[in-house]
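Reading the structure
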Amino acid sequence: MKLVIKTVVKPGSTRANKTGAWRSFMPVFDHKLCSKCGICAIYCPEGIVNKLENGYFEPDYEYCKGCGICANECPKKAIVMVLEGK
Amino acid sequence: MRKNMVVVEGSYAVAHAVKVCRPNVISAYPITPQTHIVEDLAQFVADGDMNCEYMNVESEFSAISALIGASAAGARTYSSTTSQGLALMHEVLFNASGMRLPIVMTVVNRALSAPINIWNDQQDSISQRDTGWIQLYAEDVQESADMTPQIYKLAEDEDVLLPAMSCMDGFILSHVYEPVILLEQSLTDEFLPAYNPEFVLDPKNPMSFGAFADPSTYTEFRYKQEKAMGVALKKIEEIANEFKDIYGRYYGGLIDGYVLDDAQIVIIAMGSIIGTIKDTIDELRKEGESVGLLKVRSFRPFPTEAIRKSLKNARVIITLDKNISIGKNEGALCTEIKACLYNTDNRVPVIGFMLGHGGRDIPIHMIKKIINKAKLVEKGIFVESEFADLREDLA
Amino acid sequence: MSLLKPGHRGCAGCCDALAGKFMLDALGEDVIVVSPTGCLEVFTTPYPESAWGVPWVHSLFENAAAVASGVEAALKALGKKNNTKVVAIGGDGATLDIGLQAISGAFERGHDITYICVDNEAYMNTGIQRSGATPLYASTTTSPAGKVSIGNPQHKKNMPAIMAAHGSPYVATASIAYAPDMMKKVKKAAQVKGPTYVHVHAPCCTGWKFEGSKTIEVGRLAVETAMWPLYEMENGEITGVRKIKNRKPVEEYLKVQGRFKHLFGKEDKTEDIKKIQAIADWNAKHFGLE
């Protein structure tokens, strides 16, 4: 990797780092309970809860750190943190 | 040539030189004896003679920090400082060099506190020699002015891209009135192209400047800075010659010699003291003394090869330092000259004299006294380094 | 996708990441961001990666406001300012302690910049040390609760008031727990010409010692107890306030944070908690929150 002078770095290149490997718990989204309010997407610190075409939401598990904010904030309790199996 | 000369204050000549280099952003903070430079620049701006942003900042730390932001955004930048101000900038100097931003600063050399003293010595810039900034030292007012466009061209060279300080002795050069030729705008536009960096802060092409580098990547940044200094060694000579072709004046490249080639006693020095030494040598040569001068113009990058080549016939070398590394009992030039000659066959005695601290005057008879001490070396009397101008009544 | 890209090294539940995200989402691509040293800077830019999808520069710890001044001056000098917003975003330590001189100078000079302080109430990146923004009695590593200490003995430095006193045309407080409100204020601050300031409350799960999932909940409690009043000041006058229905007692906010747990131990600290309640009461009265 050629060193770029000025410590200049290309934008968004952290995407190479898949932080999904960090988590112990993973959020499971139940669309049946979901009211499509979007609060989960707003308050995700990684910005990886994405709106699907049908208006429901789904996290990108490659980056989800399992912090649990989405589950804690969901007004419909539609998100549950589940211990991830090996 | 004389027709084009005007008698102006040294600071004015430098401010005028900065003006014709067309900087985009200037940051200013008052500190004696550089203040006249930024005051003159302020007047140029107030009269509409300069098209730039002039920032009156709240400290030298912010003066240089603002230029980091401005340079990263693609501006040609300028500030001027001295002594305590330069010391306050210490942290940012490393930062500017590591980020490879070609910021240009005039350092009007002044002694450092404590004790507080506003007069000339070179402790301030010498203390910053490890920061990764280019350092050039001017001999007189004309050279101080001439150095300005040269140092911009050098710093902004795409294979250099290092910040640079142009050093001139405080009061001696900043406040003296000398006849000089003010740099012509048309010649400067020809000599110095607009600053056009490859990477800038630009929403159309976003980049991140100033990431953190862990042990696996940090060393190579330092290596690249060092390589850039190596390129600067060549460019300093080239640029000085280009300047001579366009403006007709030459003050040396990395170094300059004055009746040096056959000299058996060689004095090595930097800055305004060069003028006094030249006068001393003229007198001594009339008396048949074999004495010559090596002027070091570029202190960083240090011109090892050039210096080694120039000292072929020397039997004794004297270094004069207007600075001291306390605890080593030597000035920086002395240490670095000795180091430069160590691994060569030319290991003639080098004796170091520290003088002129806090602006103490250096008259011709003092230089002669020093040269006489050099003659004692041949008799086996060798004092490696000493204060040349110590007052016995106060010591 | 947000302009703050994933893959950054922020803690799970990180408040700074949320602040950065909301700022970028509010302002869009036409910005240049300046960060001082701190959590946000460090975890977004481990060489050779960067999470920033916009131009971004980091210099040193105490000079973000000065660097931002220089960026703004350069854009003006080069005729490139157009609608590009110059925004500085940094932590409380970098802003109101070591960076106070720089931000004071920048605001006094009147640069067209917006400064966003992400206030997690301590020097978090270096391991949770006390800053000028650490609230009364919070336990940090350099103001720890102990046998003869009740934690940080000083009151929080009132930074919004200081910036308003500089003549800033727009000063606001916000919270990452109230994202739409924060984004509205950031957008407004960027649109107002001149130096504007938004002070954002950012509950840090690692430093305040609570579970990462509760970040937003803790932020809400701070507002609902009046410990963190949400208001706007324009040209020094309070012009917008978020009122509180049924203000909660401060215990509800303090209890959920490990940094205040020494107030709820075996020794009776009722008198000390009353002092904290007094701060909330003062906020409610001074800003007309009820």
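Conventions adopted
- Residues numbered from 1 in each chain as written.
- Chains lettered and ligands numbered in written order.
- Predicted model: local features only at pLDDT ≥ 70, side-chain atom pairs only at ≥ 80, totals over all residues.
- Heavy atoms only, no water.
- Helix = DSSP H or I, 4+ residues; strand = E, 2+ residues; numbered from the N terminus.
- Rg over C-alpha atoms; globule rule 2.2 N^0.38 Å.
- Buried < 20%, exposed > 50% of the residue type's maximum accessible area, 1.4 Å probe, protein only.
- Contact = heavy atoms within 4.5 Å.
- Axes fitted to C-alpha atoms, helices over the stretch in contact; angles between N-to-C directions.
- Parallel < 35°, antiparallel > 145°, perpendicular 65-115°, else oblique.
- Left-handed = near helix turned anticlockwise from the far one by under 90°.
- Core = buried A, V, L, I, M, F, W, Y, C linked by side-chain atoms within 4.5 Å.
- pLDDT = per-residue confidence, 0-100.
- Pairing = 2+ DSSP bridges.
- Buried area = accessible area lost by both parts, 1.4 Å probe.
- Salt bridge = Lys/Arg side-chain N within 4 Å of Asp/Glu carboxyl O.
- Polar contact = N/O pair within 3.5 Å; in protein donor to acceptor, adjacent residues only side chain to side chain.
- Phe/Tyr/Trp six-rings, centres within 6.5 Å; stacked < 30°, edge-to-face > 60°.
- Lys NZ or Arg CZ within 6 Å of the ring centre and 35° of its normal.
- Nonpolar A, V, L, I, M, F, W, Y, C, P; charged D, E, K, R; others polar.
- 1 Å grid on protein atoms, 1.4 Å probe; cavity = no way out; pocket = protein on both sides within 12 Å on 5 of 7 lines; lining within 4 Å.
- Points joined across faces, edges and corners; volume = space filled by probe spheres on them.

What follows is about the overall build of chain B. Broken down by element type, chain B carries 13 helices and 16 strands. For chain B, whose C-alpha radius of gyration is 21 Å, the value lies close to the compact-globule estimate of 21 Å for 395 residues. Across the 395 residues in chain B, those meeting the buried criterion constitute 59%. Summarising the internal contacts of chain B: among those between residues at least 6 apart in sequence, 81% fall at separations of at least 24.

This paragraph deals with the overall build of chain A. Helix and strand counts for chain A come out as two helices and five strands. Secondary structure elements of chain A occur, N-terminal to C-terminal, as β-β-α-β-β-α-β. For chain A, whose C-alpha radius of gyration is 16 Å, the value lies well above the compact-globule estimate of 12 Å for 86 residues. Taking the principal axes of the C-alpha coordinates as reference, chain A spans close to 50 × 30 × 20 Å.

A few words now on the packing of helix α3 (residues 60–72) of chain B against helix α5 (residues 90–98) of chain B. Residue and element names in this part refer to chain B. The interhelical angle for the contact between α3 and α5, taken along N-to-C directions, is 15 degrees, at an axis separation of 9 Å. Looking at the two axes, α3 sits roughly parallel to α5. Note that α3 runs across α5; the crossing there is left-handed. Only Glu91, Val92, Asn95 and Ala96 of α5 make contact with α3, whose side of the interface consists of Phe61, Ile64, Ser65 and Ile68.

Core analysis: the biggest nonpolar cluster contains 203 residues, and Met23 and Trp52 of chain C have the highest contact counts within it. Here this core takes ten residues from helix α3 (residues 64–77) of chain C, the largest share from any one element. Counting 24 residues, the second largest nonpolar core, distinct from the first, contains Ile273, Leu320, Phe353 and Ile367 of chain B.

Chain-level statistics for chain B give a pLDDT mean of 96 and a share of 99% at 70 or above. This prediction of the complex comes with two scores: 0.93 for pTM and 0.92 for ipTM.

Let us look at the pairing of strand β9 (residues 231–234) of chain C. Within a regular strand, side chains alternate between the sheet's two faces. Residue and element names in this part refer to chain C. The pairing of strand β7 (residues 170–175) with β9 spans three bridges and is classified as antiparallel. Within the sheet, the bridge partner assigned to Val171 lies in β9 and is Met233. The hairpin formed by β9 and strand β10 (residues 237–241) contains two residues between the paired strands, and Asn235 there has a positive phi angle of roughly 50 degrees.

Here we take up the interface of chain A and chain C. Between chain A and chain C, the contact holds 31 residues from the first and 37 residues from the second. Surface buried jointly by chain A and chain C totals about 2500 Å² across both partners, of which 58% is contributed by carbon and sulfur atoms. When the buried surface of chain A facing chain C is broken down by residue, Thr14, Tyr43 and Pro45 of chain A rank first, second and third, together holding 23% of it. Put simply, chain A and chain C have one salt bridge between them. Where Arg220 of chain C meets Glu73 of chain A, a salt bridge forms, and the shortest distance between an N and an O atom there is 2.7 Å.

Take the side chain of Asp321 of chain B next. All names here are of chain B. Structurally, the position occupied by Asp321 is in strand β14 (residues 316–321). A polar atom in the side chain of Asp321 sits 2.9 Å from the backbone nitrogen of Leu333. A polar side-chain atom of Asp321 sits 3.0 Å from the main-chain amide nitrogen of Cys334. Ignoring sequence-local partners within four residues, the contact set of Asp321 consists of Gly331, Ala332, Leu333, Cys334, Phe353, Met354 and Leu355.

All names here are of chain B. With mixed pairing, seven strands are arranged side by side in an open sheet as β3-β2-β4-β5-β7-β6-β13. Of all strands in the sheet, those bounded by a partner on one side alone are β3 (53–56) and β13 (298–300). Across this sheet, the average inter-strand angle for adjacent strands is 20 degrees, counted without regard to direction. Two strands pair when backbone bridges link them, and strand β2 (residues 25–28) and β3 are joined in this way by four bridges, in the parallel orientation. Note on β3: the bridge partner recorded for Val25 is Glu53.

A few words on the packing of aromatic side chains. Here a ring pair, both rings aromatic, is described through the centre-centre distance and the interplanar angle of the planes. All told, the structure shown has 15 aromatic pairs over all chains when counted by the stated rule. A ring pair is formed by Phe107 of chain C and Tyr197 of chain C, whose centres lie 6.4 Å apart and whose planes are at 75 degrees; its orientation type is edge-to-face. Of this pair, Phe107 of chain C sits in helix α5 (residues 100–109) while Tyr197 of chain C sits in strand β8 (residues 196–201), placing them 90 residues apart in sequence. No difference in accessibility class separates Phe107 of chain C from Tyr197 of chain C, as the two residues are buried. Of the aromatic side chains, those joined through ring pairs into one cluster are Tyr137, Phe299 and Phe302 of chain B. Directly above the aromatic system of Tyr342 of chain B lies the positively charged group of Arg347 of chain B, at a separation of 3.9 Å from the ring centroid. Lying over the aromatic face of Trp208 of chain C, Arg259 of chain C brings its terminal NZ or CZ to 3.6 Å of the ring centre.

Facing the 36 residues of chain B at the interface are 38 residues of chain C. If you sort the residues of chain B by the area they bury against chain C, Glu58, Pro203 and Phe212 of chain B come out on top, with a joint share of 20%. With a shortest N-O distance of 2.8 Å, Glu58 of chain B and Arg109 of chain C are connected by a salt bridge. At the junction of chain B and chain C, the tally comes to twelve residue pairs in polar contact (both at pLDDT 80 or more). Of all the secondary-structure elements, those providing two or more residues to the side of chain B that touches chain C are β3, α3, α5 and β9 (208–209) of chain B. Per-element tally for the side of chain B that touches chain C: the top contributor is α3 of chain B, with eight residues. Tallied by class, the residues present in the side of chain B that touches chain C amount to 21 nonpolar, eleven polar and four charged. By the bridge criterion, two bridges tie β9 of chain B to strand β2 (residues 56–58) of chain C in an arrangement that is parallel. Bridging across to β2 of chain C, Ser208 of chain B finds its partner in Trp56 of chain C.

Residues and elements named next belong to chain B. Relative to the helices and strands, Ala263 resides in the loop between β10 (255–258) and β11 (265–269). On the basis of relative accessibility, which here comes to 1%, the residue Ala263 falls in the buried class. Sequence-wise, Ala263 and Val291 are 28 residues apart; in three dimensions their C-alpha atoms are separated by 4.8 Å. Sequence-distant contacts of Ala263, defined by excluding residues within four places in its chain, comprise Arg285, Ser290, Val291, Gly292, Asn313 and Ala314.

Residue and element names in this part refer to chain C. Space inside the second largest pocket adds up to approximately 460 Å³. Lining the second largest pocket are 25 residues, with Lys156, Met227, Pro229, Ile279 and Asn283 sitting closest to its centre. Going through the elements one at a time, α6 (159–165), β8 and α11 (270–287) are the ones with two or more residues in the lining of the second largest pocket. Here the lining of the second largest pocket takes five residues from α11, the largest share from any one element. Looking at the lining of the second largest pocket residue by residue, the class counts come to 15 nonpolar, six polar and four charged.

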